[in-house]
Amino acid sequence: MSSLQDARPKRSAAQRVTSIRRWTDTLWTLRIERPDGFRFQPGHYAKLGLPVDDADAVWRPYSIVSAPEDGELEFLFILIPDGALSSHMARLREGDRVMIELAAFGFFVETQLAPGDTLWMMATGTGLGPYVSLLRTPGALERYRDLVVVHSVREAAELAYADELRAHVAASGAAEQGRLRYVPIVTREPGATGLSGRIPQLLADGSLPRHAGATFDPASARVMVCGNPAFSKEMRQLLTERGFVPCRRSAAGSMLFENYW
Ligand SMILES: Cc1cc2nc3c(=O)[nH]c(=O)nc-3n(C[C@H](O)[C@H](O)[C@H](O)COP(=O)(O)OP(=O)(O)OC[C@H]3O[C@@H](n4cnc5c(N)ncnc54)[C@H](O)[C@@H]3O)c2cc1C
Ligand SMILES: NC(=O)c1ccc[n+]([C@@H]2O[C@H](COP(=O)([O-])OP(=O)(O)OC[C@H]3O[C@@H](n4cnc5c(N)ncnc54)[C@H](OP(=O)(O)O)[C@@H]3O)[C@@H](O)[C@H]2O)c1
């Protein structure tokens, strides 16, 4: 367990679960009451906790899916077999309470990137959450000409938020090719999506930029990568070889990463 997950919050509140949407038996969305004064930017995460077996509460970080102006907070969860917290989160019902630390955290914030023409938002599994938050935030991505969301999951049923993303695509413009493209990738059901194979491989052979009809060079493209740390590591290597540079405190870059474990 990382030190990030170990940290005990200084100030927390117990908030009511207002609704639950189950995408599969092991993947679900929770909405909870938003604590007064809780502020965040798209890309931030919250620390959520539950008392487990009468012991101290177990706390973990979760990316916020809702937009900053939403009156509730929304999160996307996957059940980790025997997971210390997710197995308890999976049993929550409407009206139950979840603890939340009264602060938002993180550096996976799009404004860290240098200005560019095309924003690639790449996710595996629950790493999609920050992008849904960004797309729900009016005006958040105005500075880009093109937007591409790439979501890789094992099975088609795990393409959470697909309908919402398709609605954003439809709202994003022209009948032929709008400003936003959504590229779902299913890796363990052959033929389920137009592209199959892992994201780094689809970038390396050029099929992903071709399929999306978007440029992928460091002069004009900006890339956000969120989810599985092995994916992140492979992406960092591939992007570095292509000339993309990381964001630093002192200088905006062309690539930004969030690792979930
Ligand atoms: C910044 C940040 C944001 C996060 N946002 C989310 C989120 O939005 N949704 C979410 O479900 N989790 C998210 N996580 C992971 C989350 O904090 C927990 O690690 C996860 O819920 C497992 O906790 P657990 O106690 O059930 O499992 P543990 O008993 O702690 O087991 C952890 C193991 O589960 C696997 N694992 C952990 N998280 C995931 C995941 N999301 N997808 C696939 N495998 C995973 C890894 O193998 C990891 O080593 C995030 C983590 C970080 C650091
Ligand atoms: N039915 C169940 O009980 C069930 C169902 C789903 C998940 N889970 C549990 O949830 C966790 C996994 O969740 P998840 O499926 O969301 O996460 P995941 O294992 O990270 O897989 C999500 C997507 O990321 C891809 N991926 C994995 N490693 C990659 C890499 N190095 N580079 C590029 N892409 C990569 C996967 O492709 P690949 O398919 O090629 O790996 C898949 O498309 C596990 O603990 C699992 O046991 C359980």
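Quick note: structure is the one above.
Cut-offs applied
- Residues numbered from 1 in each chain as written.
- Chains lettered and ligands numbered in written order.
- Predicted model: local features only at pLDDT ≥ 70, side-chain atom pairs only at ≥ 80, totals over all residues.
- Heavy atoms only, no water.
- Near = heavy atom within 4 Å.
- Polar contact = N/O pair within 3.5 Å; in protein donor to acceptor, adjacent residues only side chain to side chain.
- Areas by Shrake-Rupley, 256 points an atom, 1.4 Å probe, with all protein chains shown as cover.
- Helix = DSSP H or I, 4+ residues; strand = E, 2+ residues; numbered from the N terminus.
- Pairing = 2+ DSSP bridges.
- Axes fitted to C-alpha atoms, helices over the stretch in contact; angles between N-to-C directions.
- Core = buried A, V, L, I, M, F, W, Y, C linked by side-chain atoms within 4.5 Å.
- Buried < 20%, exposed > 50% of the residue type's maximum accessible area, 1.4 Å probe, protein only.
- Domains from an automatic or database assignment.
- Contact = heavy atoms within 4.5 Å.

Visitor: What's the story with the site of ligand 2 in this structure? I'm lost.
Guide: Ser-152, Thr-187, Arg-188, Arg-198 and Asn-228 are the nearest of the 20 residues found near ligand 2. Interatomic distance of 2.7 Å between a side-chain N/O atom of Ser-152 and an oxygen atom of ligand 2. Between ligand 2 and Glu-234 there is a distance of 3.0 Å, counted from a nitrogen atom to a side-chain nitrogen or oxygen. When ligand 2 sits alone it has 890 Å² of accessible area, and the protein chains cover 77% of it. Counting residues per element, the ones that place at least two in the shell around ligand 2 are strand S8 (146–153) and helix H7 (229–242). No other element matches H7, which puts three residues into the shell around ligand 2.

Visitor: Help me understand the sheet that holds strand S6 (residues 97–101), please; the structure alone is not making it clear to me.
Guide: Strand-to-strand pairing in sheets goes through backbone hydrogen bonds, with the strands running parallel or antiparallel. Spatially, the six strands line up as an open sheet ordered S4-S3-S6-S1-S2-S5, and their pairing is antiparallel. With partners counted over all chains shown, the strands left at the sheet margins are strand S4 (57–63) and strand S5 (72–78), one partner each. On average, each strand axis in the sheet is tilted by 40 degrees relative to the strand beside it, whichever way the strands run. Pairing geometry for strand S1 (residues 12–24) and S6, over five bridges, is antiparallel. Residue pairing in the sheet places Arg-16 in a bridge with Arg-97 of S6.

Visitor: What am I meant to see in the nonpolar core here?
Guide: Nonpolar side chains in soluble globular proteins tend to end up buried together. Core analysis: the biggest nonpolar cluster contains 31 residues, and Met-121, Tyr-131, Tyr-161 and Met-224 have the highest contact counts within it. Elements that contribute at least two residues to this core include exactly strand S7 (118–124), helix H3 (129–135), S8, helix H4 (162–171), strand S9 (180–186) and strand S10 (221–227). Tallying contributions element by element places H3 first for this core, with four residues. Counting the residues that make up this core, at least three belong to each of domain 1 (3–101) and domain 2 (110–259). Ignoring sequence-local partners within four residues, the contact set of Tyr-161 consists of Trp-23, Thr-29, Val-65, Glu-74, Leu-76, Leu-128, Val-132 and Arg-136. Within the second largest apolar cluster, 24 residues are counted, among which are Val-148, Val-150, Ile-185 and Val-223.

Visitor: What is the right way to read the pairing of S4 from this model?
Guide: Both faces of the sheet carry side chains from a regular strand, because those side chains alternate between them. In terms of residue burial, S4 counts as a mostly covered element, since six of its seven residues are buried. Relative to S4, strand S3 (residues 45–51) runs antiparallel, the two being bridged by seven bridges. Considered in S4, the bridge of Leu-48 is made with Arg-60.

Visitor: When you look at the environment of Arg-242 in this model, what are you seeing that I'm missing?
Guide: Position of Arg-242 among the secondary structure elements: in helix H7. Among the residues examined, Arg-242 registers a relative accessible area of 36% and is labelled partly exposed. The spatial distance from the C-alpha of Arg-242 to the C-alpha of Pro-218 is 7.2 Å, given a sequence separation of 24 residues. A distance of 3.4 Å separates a polar side-chain atom of Arg-242 from the backbone oxygen of Leu-203.

Visitor: When you look at the environment of His-168 in this model, what are you seeing that I'm missing?
Guide: Considering the arrangement of structural elements, one finds His-168 in helix H4. Through-space distance from the C-alpha of His-168 to that of Ser-196 is 23 Å; in sequence the pair is 28 residues apart. When neighbours within four sequence positions are excluded, His-168 is seen to be in contact with Leu-135, Arg-136 and Leu-180.

So far we have only geometry, and geometry alone does not tell us how the molecule works.
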